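Listed below are the residues making up each chain.
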Amino acid sequence: MKLLKRFVTGVLSAAMICTANLIPVQADEGKSFDSFLEDEFVTAMESDYMTMHYQVKDYEALGITKPELTAGSAKWSDYQDNVDDAEASLKKLHTFDYDSLSDSQKVDYKAYEQNLEYTITLDSHPYFDFWFNSADGMIGNLTTNFTEFTFYTKQDIDDYLTVLATADEYIDDAMTITKKQAKAGYFMTDSMLSDTDDFIEKFVAKTDDNEMIKVFNENVEAFDGLTADEISAYEEKNKDIVLNQYIPAFKNAETELNDLKGSRDGEYNVSSLKDGEAYYTALAQYKTSMSTDVQGMLDVCNNYLDGAINDFYTLNNTITDSEISETIDMDTPEEVLSYLQKHMDSYPDGPDVTYKATYLDSSVANDSTVAYYLNPPIDDLKDNVIKINGSNISDTNEMYMTLAHEGFPGHLYQITYYLNTKPSNIRTALTNYGYTEGWGMYSELQAIQESTLSQNAKDYNSLDTAISYVLDAAADLGVNGLGWSKDDLANYLEQLGLNSGAADSLYDFVTEEPGTLLPYGVGLAEYETLEQKAQDKLGSSYDAKEFHKVLLDNGDRPFDMVEADVDAWLNNTTADYGKPDSDDVSTETESSSSEDSAVTTDWIKYGSIGALVAVIGIIALFWARKYRKDDPFRL
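Residues numbered from 1 in each chain as written. Predicted model: local features only at pLDDT ≥ 70, side-chain atom pairs only at ≥ 80, totals over all residues. Heavy atoms only, no water.

**Thoughts on the pattern of salt bridges**
If the charged atoms of two oppositely charged side chains come close together, the side chains can form a pair.
No. 1: In total, this model carries 17 salt bridges according to the counting rule given.
No. 2: Between lysine 549 and aspartate 553 there is a salt bridge, with the nearest N and O atoms lying 3.1 Å from each other. Remark: aspartate 553 and lysine 549 occur in helix H23 (residues 544–553); sequence separation between them is four residues, near one turn of the helix.
No. 3: Take lysine 549: its relative accessible area is 22%, and that puts it in the partly exposed class.
No. 4: With a shortest N-O distance of 3.0 Å, arginine 557 and aspartate 565 are connected by a salt bridge. An identical accessibility class is assigned to arginine 557 and aspartate 565; each is buried. (Salt bridge = Lys/Arg side-chain N within 4 Å of Asp/Glu carboxyl O. Helix = DSSP H or I, 4+ residues; strand = E, 2+ residues; numbered from the N terminus. Buried < 20%, exposed > 50% of the residue type's maximum accessible area, 1.4 Å probe, protein only.)

**A word on the packing of aromatic side chains**
No. 1: As enumerated under the stated definition, the model contains 40 aromatic pairs in all.
No. 2: Pairing tyrosine 118 with tyrosine 286 gives two aromatic rings, centres 5.7 Å apart and planes at 75°, and the pair type is edge-to-face. Pair noted here: tyrosine 118 is in helix H4 (residues 103–122) and tyrosine 286 is in helix H11 (residues 276–288), with a separation of 168 residues, a long-range link.
No. 3: Looking at tyrosine 118, the relative accessible area reads 3%, which means it is buried.
No. 4: Among the residues examined, tyrosine 286 registers a relative accessible area of 1% and is labelled buried.
No. 5: An aromatic cluster is built from Tyr49, Tyr54, Phe146, Phe149, Phe151, Tyr160, Phe203, Phe216, Tyr246 and Phe250, whose rings are joined through pairwise contacts.
No. 6: Here the guanidinium or amino end of lysine 287 rests over the ring plane of tyrosine 433, the centre of that ring lying 5.7 Å away. (Phe/Tyr/Trp six-rings, centres within 6.5 Å; stacked < 30°, edge-to-face > 60°. Lys NZ or Arg CZ within 6 Å of the ring centre and 35° of its normal.)

**Looking at the layout of surface pockets**
No. 1: Its boundaries defined by the atoms lining it, the largest pocket holds a volume of some 950 Å³.
No. 2: The wall of the largest pocket is formed by 33 residues, among which Glu148, Phe149, Thr150, Asn219 and Val385 lie closest to the centre.
No. 3: Taken together, the elements giving at least two residues each to the lining of the largest pocket come down to helix H2 (49–55), helix H9 (211–221), strand S2 (354–359), strand S3 (369–374) and strand S4 (383–388).
No. 4: Partitioned by chemical class, the residues of the lining of the largest pocket number 16 nonpolar, eight polar and nine charged.
No. 5: Size it by volume and the second largest pocket reaches roughly 360 Å³.
No. 6: Breaking the lining of the second largest pocket down by element, the ones donating at least two residues are helix H12 (294–316), helix H18 (433–448), helix H19 (455–482) and helix H22 (518–538).
No. 7: For the lining of the second largest pocket, the residue count by class is five nonpolar, six polar and four charged. (1 Å grid on protein atoms, 1.4 Å probe; cavity = no way out; pocket = protein on both sides within 12 Å on 5 of 7 lines; lining within 4 Å. Points joined across faces, edges and corners; volume = space filled by probe spheres on them. Nonpolar A, V, L, I, M, F, W, Y, C, P; charged D, E, K, R; others polar.)

**Focus on the pairing of S4**
No. 1: Strand direction decides the pairing type here: S2 and S4, joined by six bridges, are parallel. Looking at S4, one finds that alanine 357 is bridged to isoleucine 386.
No. 2: Inspection of the sheet shows S3 paired to S4 by four bridges, in the antiparallel sense. In the strand pairing of S4, tyrosine 373 is matched with isoleucine 386. (Pairing = 2+ DSSP bridges.)

Written as structure tokens, this is what we have:
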């Protein structure tokens, strides 16, 4: 997914291959480990229907039993259940002899261990999980999941309607959680609430022509084998649910949310709330795929910004107005994607895929979203979908970089490349946002250098994009994690050589969507840092294709593991991910041993945070600046 950025106009102011087994593997231990991971995957898929439908196409072929047909679960007890389940899974994971596993199994072990730990820490802070947050809450995600739902069989149509009919109850349950949070002083900021209101009002303004009705009708009419009477009956049933259950649930949610306005017991920044610093640290680690503390993440941003801002000011001394305004001469998404796909010489070959890029209807497009890529089912990689919010695309340069992020060499390429390596199924259900969104941002910078722009224009667009996102992430970390005031943020901008007058609007932005930009900015800074490290060490022998292979081969994983892989490649050694963190499991896990066989692994359906239940498979790019009036690059 891509978040819409603002442009900084008026400037001044041997690869690690998983299949190599360098340590002899105990066959029984390796087989048992693989079976454990597969059982965890199957149980997770069986715990939530929408997750399963988006994750796999032929669930029966994978031994999965169809879950209960509901839109999802939203109960306060789910948080502790998720923690208990994750701790039980972690305990079972730690029974395996890590040193006896193959190299690829060690990667799976550490990636799964980290994801379970994310779940435990995040779901231990349920008061901060705002289900109706406009950026990644359930309102927008539910609608996206329903409009993107694919009918593989006739039974899928029936299942869809059954699930849709439960959405109003799901929303009501989420509101019950929200009221409990508000009563304790935890609630969205006024700006967050205003954005949620705007989305709901835009969606409910359409009735008979609502996108939920239009898309369903198109899909049903295109489905082979239905009679005219069956099509008509399906369409009438869907319309009735949308108009008489789904839309009223949205309206009721808006009313009840506004009744809770002002419930927040603290300032706009997360750290001002009780336990806010601990929660934000957990959130930041989850969002960035990093194990370091908030200051460590900020250091990554600062180190990158020091060089990038200097390069930007240097470029400004030579760049002309015509170069700043230069645009790529491509008219359509298809033309851009075709061009990008043909300029992949510095990347290892991926699978043969097809793709379709279309525009979102404005009534279901989140105002902060530029575009998103919908992950394909793990058992059917060929057909891929990209959706574009045309109202947030300013010119062909923005279109080009957005499709590089979502398509080639971004999410579409990275995800299908890894899936084509036939990883363990559990790995396909885990998400490390810093890795995936950082890769998307890194892909933009790589792709712009392959464009038809002049070199100065390429560098301008690259630096403009990078600094925008990394600066936002740094401000987010400082304000929400370290408790910076507006004055503190102004001083920070001054130290970077930027316009301190931008502090007010930047502060407002990062408190409105805390954590949202972290995977983009911190992830990008980390990839750029790793690339520079490789180039500095290898000099003229640096091979971009080999470097990218190291980044990609082990898939979506925490950055500690990515760094270890890069270091091993540079030193021509085997990556060492360290020993398992078995000592970190709480003593409470011991008491749950008798329940191990009944673990439901509900944590995957939440993506580690409850409100993310409805957005399985979406990788998006958001708008990094919606209302910035003061440019920090203006003197």
